[in-house]
Structures are given as structure tokens and as C-alpha cells.
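Remarks on the overall topology
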Amino acid sequence: MYPEELCKLAIEAMGHAYVPYSGYKVGAALLCADGAVYQGCNIENAAYSPTNCAERTAFFKAVYDGHRDFTAIAVCGGKDGVIAGAFPPCGVCRQVMREFCKDDFLIYLVNGQGYETVTLAQLLPYGFRAGEHMSANG
């Protein structure tokens, strides 16, 4: 799948966001290694901490269906669904990505002019995956 197609699916996913408090809609489209795509949107809650980001919604749907191998995700967002700039994943989403993805996992940040591409290693350079740990020497 071309990055542009994944970005379009992320934009489409924004339309499903539940954002009565902030008005910021975020959409994501997650590409699995087998070609399957899972979309996600952000879902707000008045208590804030139960709020779920678009990226995690997509990952959790995919994991529920048995997927564990991912190659890319497109993310977009904006006030009232208007994309005004890139919406990079928050720290919690980056850590969820680290749980399942390698350093070369691609993240397409959709902006008003197209998208920019970064890797997970660029966004989370010191993350640890399941089963990894720091040695005594760092």
C-alpha cells in the first residue's frame, strides 16, 4: 500500500472521532505486514485519563484480531477535523508502538500539504520492547 493511501484512510478515520471536550479530531491508519489495515480515532472522556488516542485504537483493534507484525501508521488531526499541521503520537502511543514495532516502523505525519515520514527510532530513541531490559552498564 502506498503511503498516500494510508494517509487518506487516516483522514477518513478522523470522521469517527468522539471529541466533545477538545474538538480535536485525530485519525490513524495502521498497516499490518500482511497488508491488512486498521483505522482508529480518538475517543475522549470527561475524566481525561480514560481517553484513548487514535493510534492506540488502531493498534488494539489489530492486536485483538491477532496481528502482531506492523510496518507503518499514518496519523492526522486538527481542531474540528481541519488538518493544520502534523500530529505526532503522544508518549503513551509511542510506547505502545515500541511494544510491537521495530526501529524502522514508519510513521506518516499528515499535514496540510501532504505528509512527512519519521521512524519509531526517531520518535522514541531509547524505548524498550517486551522482553528487553537495560543492562547494569546502560
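Please refer to the structure placed before this passage.
Thresholds, definitions, all that
Residues numbered from 1 in each chain as written. Predicted model: local features only at pLDDT ≥ 70, side-chain atom pairs only at ≥ 80, totals over all residues. Heavy atoms only, no water. Helix = DSSP H or I, 4+ residues; strand = E, 2+ residues; numbered from the N terminus. Buried < 20%, exposed > 50% of the residue type's maximum accessible area, 1.4 Å probe, protein only. Contact = heavy atoms within 4.5 Å. Pairing = 2+ DSSP bridges. 1 Å grid on protein atoms, 1.4 Å probe; cavity = no way out; pocket = protein on both sides within 12 Å on 5 of 7 lines; lining within 4 Å. Points joined across faces, edges and corners; volume = space filled by probe spheres on them. Nonpolar A, V, L, I, M, F, W, Y, C, P; charged D, E, K, R; others polar.

1. Section: the overall build of the protein chain
Looking only at helices and strands, the protein chain has 4 helices and 5 strands in total. Counting from the amino terminus, helix and strand elements in the protein chain follow one another as α-β-β-α-β-α-β-β-α. By its C-alpha atoms, the protein chain is 45 × 35 × 30 Å across when sized along the principal axes. The proportion of buried residues among the 138 residues of the protein chain is 42%. Taking the contacts inside the protein chain whose residues are at least 6 apart along the sequence as the reference set, 59% of them involve residues at least 24 apart.

2. Considering the pairing of strand β1 (residues 24–32)
The side chains of a regular strand alternate, first on one face of the sheet and then on the other. Burial analysis of β1 places 7 of its 9 residues in the buried class, the great majority of the element. Pairing between β1 and strand β3 (residues 70–79): 9 bridges, direction antiparallel. In the sheet register, tyrosine 24 faces β3, and the bridge partner there is lysine 79. Pairing of β1 with strand β2 (residues 37–41) involves 5 bridges; the strand directions are antiparallel. Each residue of the ladder has a partner; that of alanine 29, found in β2, is glutamine 39. In sequence, β1 turns back onto β2 through a hairpin of 4 residues, with glycine 35 there showing a positive phi of about 95 degrees.

3. So, the layout of surface pockets
There is about 410 Å³ of room inside the largest pocket. Contributing to the lining of the largest pocket are 19 residues, with Asn42, Tyr48, Thr51, Cys53 and Cys90 lying nearest its centre. Going through the elements one at a time, β1 and α2 (54–64) are the ones with two or more residues in the lining of the largest pocket. The element that contributes the greatest number of residues to the lining of the largest pocket is α2, accounting for 3 residues. Partitioning the lining of the largest pocket into residue classes produces 11 nonpolar, 5 polar and 3 charged.

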